[in-house]
Amino acid sequence: MSDISLDFDYDRHYRTNDFALAVVLSLVYPVVAIDAADPDDVWFTIERGELTDAYMARYHERMLLVEPRELMDKMVELHDRMAEAERTIC
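Not measured: the values here are computed from a predicted model.

A.B. asks: For this particular structure, what's the right way to read the overall build of the chain?
C.D. replies: Helix and strand counts for the chain come out as three helices and three strands. Shown N-terminal to C-terminal, the secondary structure of the chain runs as helices and strands in the order β-α-β-β-α-α. Its C-alpha atoms give the chain a radius of gyration of 13 Å, near enough to 12 Å, the size a compact globule of 90 residues would have. Its C-alpha atoms give the chain principal-axis dimensions of roughly 40 × 30 × 20 Å. With 90 residues in all, the chain has 30% of them scored as buried. For the chain, restricting intrachain contacts to residue pairs at least 6 apart in sequence, the fraction spanning at least 24 positions comes to 71%. Accessible area of the chain: about 5900 Å², with a carbon and sulfur share of 53%.

A.B. asks: Can you help me understand the pattern of salt bridges in this one?
C.D. replies: Opposite charge on two side chains permits them to pair, given that their charged atoms come into close proximity. Counted under the stated rule, the structure contains five salt bridges. Between D53 and R48 there is a salt bridge whose closest N-O contact spans 2.9 Å. D53 gets classed as partly exposed once you look at its relative accessible area, which sits at 48%. For R48, a relative accessible area of 24% gives the class partly exposed. Its salt-bridge partner being D73, residue R69 comes within 3.1 Å of it at the nearest N-O pair. Residue R69 and its partner D73 are both found in helix α3 (residues 68-89); the two are separated by four residues, about one turn of the helix. Given the relative accessible area of 57%, R69 is considered exposed. Looking at D73, the relative accessible area reads 41%, which means it is partly exposed.

A.B. asks: Would you take a moment to explain the packing of helix α1 (residues 19-26) against α3 for this structure?
C.D. replies: Packed helix pairs are characterised by how far apart their axes lie and by the angle those axes make with each other. Here α1 crosses α3 at 115°, and the two axes come no closer than 9 Å. The crossing of α1 and α3 is right-handed. Touching F19, A22, V23, V24 and S26 of α1 are L71, K74, M75, L78, H79 and M82, all from α3. Its residues placed into classes, the contact of α1 with α3 shows eight nonpolar, two polar and one charged.

A.B. asks: Explain unusual backbone geometry here, please?
C.D. replies: The bulk of non-glycine residues show a negative phi, and the bulk of peptide bonds are trans. Here the phi dihedral of R62 falls at roughly 60°; this positive angle occurs in a residue that is not glycine. The topology assignment puts R62 in the loop between α2 (52-60) and α3.

A.B. asks: I keep staring at the environment of L65 and nothing clicks. Help me out?
C.D. replies: Mapped onto the elements of the fold, L65 is located in the loop between α2 and α3. Separated by 10 residues in the primary sequence, L65 and Y55 have C-alpha atoms spaced 9.9 Å apart.

Cut-offs applied
What you see as residue numbers is a count from 1 along each chain, following the sequence as written. Residues qualify for local features only when their pLDDT is at least 70, as the model is predicted, and side-chain atom pairs are given and counted only at 80 or more; totals for whole chains, interfaces and linings, by contrast, use all residues. To get the side-chain values, take all heavy atoms of the structure and skip hydrogens and water. Secondary structure elements are taken from DSSP: a helix is a run of H or I of four residues or more, a strand is a run of E of two residues or more, and numbering for both begins at the N terminus. Both definitions apply: the radius of gyration is a C-alpha atom measure, and the globule rule equals 2.2 Å times residues to the power 0.38. Remark: exposure states derive from per-residue accessible area (1.4 Å probe, protein chains only) relative to the maximum for the residue type, with buried under 20%, exposed over 50%, and partly exposed in between. Throughout, a contact is declared for two residues whenever any of their heavy atoms are within 4.5 Å. Note on areas: these come from Shrake-Rupley sampling with a 1.4 Å probe, and a residue is covered only by the protein chains present in the view. Salt bridges are defined as contacts in which a side-chain nitrogen from Lys or Arg sits within 4 Å of a carboxyl oxygen from Asp or Glu. An axis is simply a line fitted to the C-alpha atoms; with a helix, the fit covers only the stretch in contact. Between two such axes, the angle follows the N-to-C directions and lies from 0 to 180 degrees. Should the near helix be turned anticlockwise from the far one by less than a right angle, the crossing is termed left-handed; should it be turned clockwise, right-handed. Any residue that is not Ala, Val, Leu, Ile, Met, Phe, Trp, Tyr, Cys, Pro, Asp, Glu, Lys or Arg is counted as polar, Gly included; the first ten are nonpolar and the last four charged.

Everything listed is a geometric property; what it means functionally is a separate question.
This is the structure:
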């Protein structure tokens, strides 16, 4: 798995630069790549699943419920991966 680049397939992946959304989606679906070529505009590629669109809709409606500790653990994990991707580029 590469955190730098990935052949992007819209049917199999979802791509976002919204860190909070990436964290929430990564609770259910794996982040398969992180593009940190521009540290001010980091992109996350997440494996798409059956419920990806439903999770995104509930997230934007502020109706998605998550366990706080799990959310914080995933946030730290994703932040660490993002920092590693940035270091790899420099």
